[in-house]
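# What the coordinates show
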Amino acid sequence: MPRAAARFVGPAVAFGSTHALAILVGRATRVDGTEVSLVWPAAAVAVLWGIHARTLPRPAAAAHWILLTGLTFGVNLATGAAVDVSVYFAVVNLTLAAVTSALLAYGGRPVQLRDPLDLGRLAMAILAGTLVAATAAVVFFAARGHPDLPQTFALFAVRNGTTALVGTTVVLRMRHAQWRVPEVTPARVVEAVCCAAFAVAVFGRVFWFNPGMPTAFVIMVPAMWVSLRFSTTTSTLFASAAGTSIIWATLLDRGVLRGVPPDDRALLAQGMVGCLTGVVLALALFRDSRNELIEQLRHLAHHDPLTGLANRTLLVQRLESALERPRPAAATVGVVYIDLDGFKLVNDAWGHREGDLLLQEVARRVRASVRPVDVVARMGGDEFVVACLGLSGEDELREIAERIRVAVSAPYGAASDAPFDRISASVGVALSGRNSTTRSLLAAADRAMYDAKRAGRAATAPLTAPGAPSAR
């Protein structure tokens with residue numbers, strides 16, 4: 001099968017079969033033999049199908065839209081709906097999917113669910129699509145002489161909008177879910193068990209064993225507990241399970257909505273599912289965004305923005321921790337201090353952009369020359385420091401320093417497309433003693449580096465390039 005055909009047929013079969021099954025599920029949730037369904041999962045499938053169709057070439061996209069409309073009409077007709085009702089369902093589903101996917105495609109941003117802005121964008125697009133589709137429903141029922149058009153509008157808007165929002169958010173979140181084993185601690189296990197037991201007790205009391213008392217607001221307590229304390233993926237699964245429980249109990253005429261007229265029962269059940277999902281996802285995504293911002297700020301506070309290396313603050317913290325930690329007699333801490341010779345001439349001759357590129361390349365070379373346990377830091381300007389942890393002695397420290405010196409002095413033209421050939425580095429080392437501190441260790445390595453620089457300045461030209469100024 002050609003690749004283009006496979007790209008069309010595979011998704012068409014998957015979406016088509018899922019959409020047909022979703023219509024059957026929706027038709028099975030009709031209240032008391034009416035055409036009013038409690039849920040309409042086909043709305044969510046239609047929106048996701050429309051989002052996919054927007055990524056296809058126009059002929060393939062048109063074929064997907066035709067298949068979506070035809071399936072909606074055919075499955076409804078096959079399950080007992082009248083011809084005009086089947087046409088209505090097809091028009092409403094097509095309108096909802098088309099308007100929502102068009103608004104989500106506006107601006108070229110990918111459709112995802114990773115932060116509160118994504119949730120707001122998705123909710124507003126579905127709201128607009130739902131309102132247009134509900135207006136089409138009102139026009140249809142008005143033509144048939146339906147007496148209560150405002151309630152019809154509210155019923156179809158809330159039902160289709162809630163189902164579309166819940167289904168779409170679950171799929172989008174699961175698509176980007178990071179499945180990893182969480183850190184298991186006794187306290188975390190106890191909290192998870194208590195939260196699950198509390199949620200089951202609350203939902204059981206409100207929707208299953210309630211004689212009709214208006215206590216639905218209590219479900220927000222476990223909802224906030226889950227969304228603030230557990231992952232967004234867990235919160236999404238919780239919202240799905242909670243929504244299923246609400247709809248199931250409502251279909252059986254149990255719990256808080258017991259005895260409520262069918263239309264009102266459907267409207268209230270969908271409203272509760274929508275509010276619950278919105279609260280859970282909003283809180284979870286806001287928490288994720290806050291944690292991500294804190295991590296970014298923490299990273300910026302401890303790393304050099306140009307090279308990505310540790311900065312002075314992080315280097316000092318790691319050295320202090322290493323010097324304070326009890327160490328075996330053979331293990332010690334060393335510092336390699338590196339200063340580029342003639343770096344100012346690079347900035348003067350070729351500009352700061354080339355200087356920044358050089359610093360980034362030097363950082364990469366130094367990082368590649370040391371051990372994984374070592375900490376590489378940029379102290380500022382053209383000065384770098386490596387904290388070597390757990391050394392066996394001075395010989396190992398000098399081997400590391402020599403590898404760094406050789407790597408930095410290698411030609412740069414092929415490595416970074418630089419307009420200069422090579423640059424050298426002055427390197428000083430210091431090894432910790434019994435009474436060493438972070439300050440004394442850095443000062444000793446700094447002095448050794450300047451001794452090396454003074455010794456080599458008269459004999460070497462650190463910077464060479466055709467027509468370049470001399471570094472002597």
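Residues numbered from 1 in each chain as written. Predicted model: local features only at pLDDT ≥ 70, side-chain atom pairs only at ≥ 80, totals over all residues. Heavy atoms only, no water.

## Focus: the overall build of the chain
Rule in force here: Note on conventions: DSSP H or I runs of at least 4 residues are helices, E runs of at least 2 residues are strands, and numbering of each starts at the N terminus. Relative accessibility thresholds used throughout: buried, under 20% of the residue-type maximum; exposed, over 50%; partly exposed, between the two (1.4 Å probe, protein chains only). Pairs of residues are marked as contacts when any of their non-hydrogen atoms sit within 4.5 Å. Methods summary: accessible areas were calculated by the Shrake-Rupley approach with a probe of 1.4 Å, and residue burial reflects only the protein chains presented.
Across its full length, the chain carries 16 helices and six strands. Out of the 472 residues in the chain, the part that is buried amounts to 46%. Long-range pairs, those at least 24 residues apart, make up 70% of the contacts in the chain with a sequence separation of at least 6. A total accessible area of about 23300 Å² is found for the chain, and carbon and sulfur atoms account for 64% of it.

## Topic: the packing of helix α2 (residues 42–53) against helix α6 (residues 149–175)
What counts is decided by this rule: Orientation is described by lines fitted to C-alpha atoms, with helices fitted over the stretch in contact, and by angles between N-to-C directions that extend from 0 to 180 degrees. Should an angle fall under 35 degrees it is taken as roughly parallel, and over 145 as roughly antiparallel, whereas 65 to 115 is taken as roughly perpendicular and any remaining angle as oblique. Note on convention: near helix rotated counterclockwise from far helix by under a right angle means a left-handed crossing. Clockwise means right-handed. Note on residue classes: Ala, Val, Leu, Ile, Met, Phe, Trp, Tyr, Cys and Pro are nonpolar, Asp, Glu, Lys and Arg are charged, and everything else, Gly too, is polar.
α6 packs onto α2 with a crossing angle of 55 degrees between their chain directions and a minimal axis gap of 7 Å. On the basis of their axis angle, the class for α2 and α6 is oblique. Our pair here, α2 against α6, has a crossing hand that is right-handed. Where α2 approaches α6, its residues Ala43, Ala44, Val47 and Leu48 are matched on the opposing element by Asn160, Thr163, Ala164, Gly167, Thr168 and Val171. Among the residues making up the contact of α2 with α6, the classes are represented as six nonpolar, four polar and no charged.

## A closer look at the sheet that holds strand β3 (residues 383–391)
Whenever strands of a sheet pair, they do so through backbone hydrogen bonds, lying parallel or antiparallel. How we decide: Between any two strands, pairing holds if DSSP finds at least two bridges.
With antiparallel pairing, four strands are arranged side by side in an open sheet as β2-β3-β1-β5. In the strand order of this sheet, the two ends are held by β2 (375–380) and β5 (425–431), each with one partner. Along the sheet, successive strands turn relative to each other by an average axial angle of 20 degrees, direction set aside. Sheet topology note: the strand β1 (residues 332–340)/β3 ladder contains seven bridges and is antiparallel.

## Description of the confidence of the model for the chain
Segments scoring low in pLDDT should not have their predicted coordinates read at a detailed level. We count it as follows: The predictor attaches a confidence to each residue, and that confidence, scored 0 to 100, is pLDDT.
When the pLDDT values of the chain are averaged, the result is 83; 89% of them are 70 or greater. Overall, residues 457–472 carries pLDDT values under 50, and its contacts beyond four positions in sequence, including any with other chains, amount to 27 contacts.

## Things to note about the packing of aromatic side chains
To keep things clear, this is the line we draw: Aromatic rings from Phe, Tyr and Trp, taking only the six-membered ring of Trp, are treated as a pair when their centres fall within 6.5 Å; an angle between ring planes under 30 degrees marks them as stacked, one over 60 as edge-to-face, and anything in between as tilted.
Counted according to the given criterion, the structure contains nine aromatic pairs. Both rings, one in Tyr88 and one in Phe140, keep their centres 4.8 Å apart while their planes meet at 15 degrees; by these two values the pair is stacked. Of this pair, Tyr88 sits in helix α4 (residues 83–105) while Phe140 is found in helix α5 (residues 116–143), placing the two residues 52 residues apart along the sequence. Judged by relative accessible area, Tyr88 falls into the buried class, the value being 5%. An aromatic cluster is defined as three or more aromatic residues linked by ring pairs; in this entry it consists of Trp40, Tyr88, Phe89, Phe140 and Phe156.

## Digging into helix α13 (residues 352–369)
Applied cut-off: Expected helix span is taken as 1.5 Å per residue step, with the number of steps being one fewer than the number of residues.
Its 18 residues give α13 an end-to-end C-alpha distance of 25 Å, which sits within 8% of 26 Å, the value for a rise of 1.5 Å per residue. For α13, the set of buried residues is Glu354, Gly355, Leu358, Leu359, Glu361, Val362, Ala363, Arg365, Val366 and Ser369.

## Re the pairing of β2
With five of six residues buried, β2 is to be regarded as a mostly interior element. Examined bridge by bridge, β2 and β3 share five bridges and lie antiparallel to one another. Looking at the pairing, Val376 lines up with Val386 of β3.

## Notes on the environment of Ser369
As for its position among the elements, Ser369 is in helix α13. For Ser369, a relative accessible area of 9% gives the class buried. With 31 residues separating them along the chain, Ser369 and Ile400 place their C-alpha atoms 7.2 Å apart. Contacts of Ser369, omitting those with residues within four sequence positions, involve Arg403, Ile404 and Ala407.

## A few points about the pattern of salt bridges
Let me state the cut-off plainly: Salt bridges are identified by distance alone: a Lys or Arg side-chain nitrogen within 4 Å of an Asp or Glu carboxyl oxygen.
For the structure on display, the rule yields 15 salt bridges. Here Lys453 makes a salt bridge to Asp341, at a shortest N to O gap of 2.5 Å. Taken together, the residues Lys453 in helix α16 (residues 438–457) and Asp341 in the loop between β1 and α12 (343–350) connect sequence positions 112 residues apart. Of the two residues, Lys453 and Asp341, both sit in the buried class. For Glu361, the salt bridge identified is with Arg364, shortest N-O distance 2.8 Å. Linking Glu361 with Arg364, this pair stays in helix α13, spanning three residues, or about one helical turn. Overall, the relative accessible area of 8% leaves Glu361 in the buried class. For Arg364, a relative accessible area of 44% corresponds to the partly exposed category. Several salt bridges share partner residues, and in doing so they unite Arg173, Arg287 and Asp288 into one network.

## Notes on the state of the cysteines
Going by this rule: In this description, a disulfide is simply a cysteine sulfur pair whose atoms lie within 2.5 Å.
What the rule picks out here adds up to zero disulfides. Its sulfur unpaired, Cys195 is 8.8 Å from the next cysteine sulfur, which belongs to Cys194.

## Topic: helix α11 (residues 312–324)
Counting along an α-helix, one turn takes 3.6 residues, and residues three or four places apart therefore face a common direction. Defined as follows: By construction, the arc corresponds to the directions joining the helix axis to the C-beta atoms. Residues adjacent in sequence count toward polar contacts only when both atoms are side-chain atoms; beyond that, a polar contact is any pair of N or O atoms within 3.5 Å, and within protein one must be able to donate a hydrogen and the other to accept it.
With 13 residues, α11 extends 18 Å between its outermost C-alpha atoms, agreeing within 8% with the 18 Å of an ideal straight helix rising 1.5 Å per residue. When we look at burial in α11, the residues that qualify are Leu314, Leu315, Leu319, Ala322 and Leu323. For α11, the angular spread of the buried residues around the axis is 160 degrees, confining them to a single face. At the N-terminal boundary of α11, the capping side chain belongs to Asn311, with an oxygen 3.2 Å from the backbone nitrogen of Thr313.

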